[in-house]
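The residues making up each chain are set out below.
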Amino acid sequence: MNFTLSDEQLMFAETARNLFADSCTPEHWRKMMEVGAAHDDARWAALAENGLTLVLLPEGAGGMGLAETDFAVIAQEAGYVALPEPLVESAGVAAPMLAALAPEHEALADPSATIAIAHPLNPFVANADTAAAILLHKDGEAYVATPEQVTLTAQPSIDPFRRLFTVDWNPSRATRLGVADWDLALDRAAVFNAAMGLGLAQRAVDLAVDYAKERQQFGKPIGSYQAVKHHLASAQVAIEFARPVVAAAAAQIGRRDGYSRARVSHAKIVGLEAAEKAAQASIQVHGAMGYSWEVDVHLFLKRTVALTQTWGTPRYHRERIAVRVFGQPMGPDQTFAHETSNRELQNA
Amino acid sequence: MDLTYTPEQQAFRAGVREWLAVHVPEAPLEHFDASRAGFEAHRDWERTLKSGNWGMVTWPGEFGGRGLDLIQWLIFEEEYYRAGAPGRVNQNGIFLLGPTLIEFGSEAQKERFLPPMAAGEEIWAQAWSEPQAGSDLAGVRATAVLDGQDYVLNGHKIWSSRAVFADWAFGLFRTPGTERHKGLSLVFFPLDAPGVTVNAIKKINGHVGFAEIFLEDVRVPAFNRLGDEGQGWHICMATAGFERGLMLRSPARYQVAAAKLAELWSTHKETADPALEADVVRAYMNADAYALNIYQTALRLMAGAKIGPEASTNKIFWSELDIHLTRTALAILGPLAELTQQAPAADPVDWIDDHIFALAGPIYAGSNEIQRNIIAERMLGLPR
């Protein structure tokens with residue numbers, strides 16, 4: 001058993017962290033908000049040059065052929081900066097699906113192209129207007145189209161960097177790709193959104209900690225008061241106990257059984273609950289400032305709301321966990337169980 | 001990342017399971033805090049464990065252990081709880097004093113104290129708290145004064161778990177003339193020594209799980225001091241780290257409880273509030289998250305890391321998950337919730353007693369308020 005990140009994975013995280021720290025600060029997204037932009041071409045190009053869009057693509061499609069655990073560490077860093085661009089949906093979910101169905105597709109040839117996905121679980125498609133290709137669902141099969149081949153209706157999100165659309169389309173104007181693995185797409189999206197949740201959560205706590213060290217009331221920094229400390233400590237507890245669930249879910253996606261699916265859903269719920277708890281604590285600690293447009297916390301809150309309710313609501317994911325709880329063995333020998341565990345134990 | 005057990009770990013699990021299947025008593029023992037008889041029945045169980053060399057599995061072999069690594073320890077605990085084996089009356093020795101002695105004790109002290117602890121021959125109580133020093137442990141006032149080759153102990157200890165029936169206690173004492181964290185020493189004393197008076201304190205479930213201890217000119221050899229004079233605070237903080245870290249509460253306990261809760265739900269779901277299903281699922285999630293966190297921590301420690309302030313997050317998490325879990329059980333039981341085990345209609349699991357015990361979780365081993373302060377100050381860097 002080895003439940004730790006490898007040096008290579010830690011290096012990915014560091015590469016992403018450094019890249020985002022330089023290019024994706026609140027000053028960067030505030031400039032984008034002023035002009036109503038949701039995509040920064042220079043940042044996205046840098047991110048593509050560093051290979052972040054190629055992690056999950058198979059080598060046959062020009063990618064690195066790495067695993068979900070490798071991408072999850074990048075998603076966490078994307079959450080920490082509330083990255084505006086659709087790295088997770090495009091490179092983490094849609095591109096690997098397209099590569100599995102059509103490895104030669106031209107949208108895969110350009111590492112800086114984005115791909116959108118209309119998963120049957122989601123009512124809206126994110127970033128469909130700027131995508132080089134949109135993956136569409138009909139009767140379990142996947143189709144692919146360009147934005148010009150479909151009709152997009154904008155559905156503005158409270159998160160200024162999520163451009164949502166409803167899509168009307170006709171199969172005769174799209175390319176049929178055949179039966180696709182929509183469940184795998186969902187599992188990947190759920191885990192990477194959970195990983196982003198960990199990043200959003202930690203950033204919300206860190207912002208509040210910085211503020212609480214500086215802001216004085218009654219002659220002392222507010223961070224010295226126990227009531228303030230306890231809000232942030234509770235949020236940190238939620239983060240610490242979501243983290244290993246997200247890591248295990250990412251590592252086990254490939255098993256594709258009821259146990260691994262339950263853990264993916266568990267990760268989706270607790271990763272974003274940690275973000276919600278942290279954002280709320282952060283706003284509270286900031287006081288009235290926390291309720292202002294000027295302070296950065298609101299973007300982390302809005303992204304949290306968006307990610308919580310997309311790619312399966314908490315109720316949807318809780319029901320997947322219930323299937324595991326009430327249908328499969330529980331107990332202390334089941335932590336790392338999968339569907340052949342009992343036979344393996346007998347053979348040991 | 002590889003989340004599968006090795007063939008060696010699987011074989012180890014099978015061996016533990018086999019031994020426990022033969023040796024775990026069929027009928028549950030009376031609780032060790034309920035009566036002298038219950039205490040002695042648990043002492044006998046400690047001897048049985050020792051006979052199979054399963055008493056102190058993480059201790060080095062030379063002191064009566066097996067030298068297991070932390071993953072093997074987790075597997076052992078999983079099988080232990082899975083088998084429904086009795087609670088460990090010597091928990092203070094196994095998880096608190098034992099590791100502390102191994103780290104800070106002299107060779108002579110290890111030889112004197114560890115083997116009888118491992119064999120269940122000497123059961124240990126802890127004597128840290130005082131009426132004026134609970135969460136503020138540095139406020140301890142009991143004194144230890146060196147007189148020739150002996151320490152003379154005086155003072156008043158309270159909330160000492162196991163002290164009513166146990167043989168020995170480890171206590172924190174002040175060297176006169178020094179204040180706060182400096183000048184504290186950790187000293188062992190037999191609970192039947194002249195000058196020691198132990199008064200039982202009943203817990204809210206009626207068990208005599210606590211005691212207050214009065215010490216009047218109690219003489220113990222200087223040999224009974226662990227570490228140097230004045231090092232007591234440092235040693236106690238290391239001990240508290242063991243306690244708050246992974247060893248006080250192995251995840252298996254909550255995984256078994258979550259499984260029983262799911263069974264309870266399945267039995268009562270026709271009559272119970274449908275909204276409670278979400279709480280049952282949550283109990284599973286919490287137990288699972290706790291187990292995953294502990295596995296990850298164990299692997300980190302095995303790779304050379306030290307337990308740090310993040311151990312305080314564990315204590316908050318397990319104590320809160322335990323309350324949530326038992327409260328959910330009471331809600332599912334409805335009018336049956338208040339029944340004692342003597343009631344003919346009672347559920348086989350004593351959920352109300354489990355719930356009452358769970359309520360102590362946020363208090364003992366350092367209150368959760370103290371843990372949150374530690375997280376805020378030492379993990380997040382907020383000012384004191």
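Residues numbered from 1 in each chain as written. Chains lettered and ligands numbered in written order. Predicted model: local features only at pLDDT ≥ 70, side-chain atom pairs only at ≥ 80, totals over all residues. Heavy atoms only, no water.

Visitor: Help me understand unusual backbone geometry in this model?
Guide: Most peptide bonds take the trans configuration, and most residues that are not glycine carry a negative phi. All names here are of chain B. Even without a glycine there, the phi angle at Asn53 is positive, about 60°. Checked against the element boundaries, Asn53 lands in the loop between helix H2 (36–51) and helix H3 (70–82). Although it is not a glycine, Ala365 sits at a positive phi angle of roughly 60°. (Helix = DSSP H or I, 4+ residues; strand = E, 2+ residues; numbered from the N terminus.)

Visitor: Hey, could you run me through the confidence of the model for chain B in this one?
Guide: Segments scoring low in pLDDT should not have their predicted coordinates read at a detailed level. Of all residues in chain B, 97% have pLDDT values of 70 or greater, and the mean over the chain is 92. If you check the scores for this complex, the pTM reads 0.95 and the ipTM reads 0.95. (pLDDT = per-residue confidence, 0-100.)

Visitor: What's the story with the sheet that holds strand E1 (residues 115–117) of chain A in this structure? I'm lost.
Guide: The strands making up a sheet associate through backbone hydrogen bonding, with each pair oriented either parallel or antiparallel. Residues and elements named next belong to chain A. Strand order in the open sheet formed by four strands is E1-E3-E4-E7, and the pairing between neighbours is mixed. What marks the edges here is a single partner per strand, and that holds for E1 and strand E7 (175–179). Taking each pair of neighbouring strands and ignoring which way they run, the sheet shows an average axis angle of 25°. Packed on one face of the sheet, helix H5 (residues 87–101) meets E1, strand E3 (133–138), strand E4 (141–145) and E7 and runs near 90° to E1. (Pairing = 2+ DSSP bridges. Axes fitted to C-alpha atoms, helices over the stretch in contact; angles between N-to-C directions. Contact = heavy atoms within 4.5 Å.)

Visitor: Would you mind showing me how to read the packing of helix H8 (residues 226–252) of chain A against helix H11 (residues 368–379) of chain B here?
Guide: Two measures define how a pair of helices packs: the angle their axes make with one another and the distance between the axes. Packing of H8 of chain A against H11 of chain B leaves a shortest axis separation of 8 Å and a crossing angle of 85°. Our classification of the angle between H8 of chain A and H11 of chain B gives roughly perpendicular. Between H8 of chain A and H11 of chain B, the contacting residues are Gln226, Lys229, His230, Ala233, Ser234, Gln236, Val237 and Glu240 of chain A on the first element and Glu369, Arg372, Asn373, Ile375, Ala376, Glu377 and Met379 of chain B on the second. Broken down by class, the residue content of the contact of H8 of chain A with H11 of chain B amounts to five nonpolar, five polar and five charged. (Parallel < 35°, antiparallel > 145°, perpendicular 65-115°, else oblique. Nonpolar A, V, L, I, M, F, W, Y, C, P; charged D, E, K, R; others polar.)

Visitor: Explain the pairing of strand E3 (residues 150–157) of chain B to me, please; I cannot follow it from the model alone.
Guide: Remark: a regular strand shows side chains that alternate across the two faces of the sheet. Residue and element names in this part refer to chain B. Sheet analysis places strand E2 (residues 143–147) next to E3, joined by five bridges and oriented antiparallel. What sits directly across from Asp147, in E3, is Asp150. Between E2 and the antiparallel strand that follows it, E3, lie two residues; Gly148 among them carries a positive phi value of about 65°. The pairing of E3 with strand E7 (residues 210–221) spans seven bridges and is antiparallel. What sits directly across from His156, in E7, is Phe214.

Visitor: Sorry if this is basic, but what is going on with the packing of aromatic side chains here?
Guide: What characterises a pair of aromatic rings is the spacing of the ring centres plus the angle enclosed by the ring planes. Within the structure shown, the criterion is met by 32 aromatic pairs over all chains. Considering the side-chain rings of Trp29 of chain A and Phe300 of chain A, the 5.8 Å spacing of their centres and the 70° angle between planes classify their relative orientation as edge-to-face. On the criterion of sequence distance, the pair formed by Trp29 of chain A in helix H2 (residues 26–35) and Phe300 of chain A in helix H10 (residues 297–309) is long-range, its members being 271 residues apart. Across the pair, Phe300 of chain A and Trp29 of chain A agree in class, each one buried. A ring pair is formed by Trp318 of chain B and Tyr364 of chain B, whose centres lie 6.0 Å apart and whose planes are at 35°; its orientation type is tilted. Separated by 46 residues along the polypeptide, Trp318 of chain B in helix H9 (residues 311–333) and Tyr364 of chain B in the loop between helix H10 (351–360) and H11 bring together distant segments of the chain. Judged by its relative accessible area of 1%, Trp318 of chain B falls in the buried class. Owing to a relative accessible area of 22%, Tyr364 of chain B belongs among the partly exposed residues under this scheme. Following the ring pairs from residue to residue traces out a cluster consisting of Phe12, Trp19, Trp45, Trp54, Phe76, Tyr80 and Tyr81 of chain B. Cation over ring: Arg203 of chain A sits above Tyr80 of chain A, and NZ or CZ is 5.0 Å from the ring centre. Above the face of the Phe210 of chain B ring, Lys203 of chain B is positioned so that its terminal group lies 5.7 Å from the ring centre. (Phe/Tyr/Trp six-rings, centres within 6.5 Å; stacked < 30°, edge-to-face > 60°. Buried < 20%, exposed > 50% of the residue type's maximum accessible area, 1.4 Å probe, protein only. Lys NZ or Arg CZ within 6 Å of the ring centre and 35° of its normal.)

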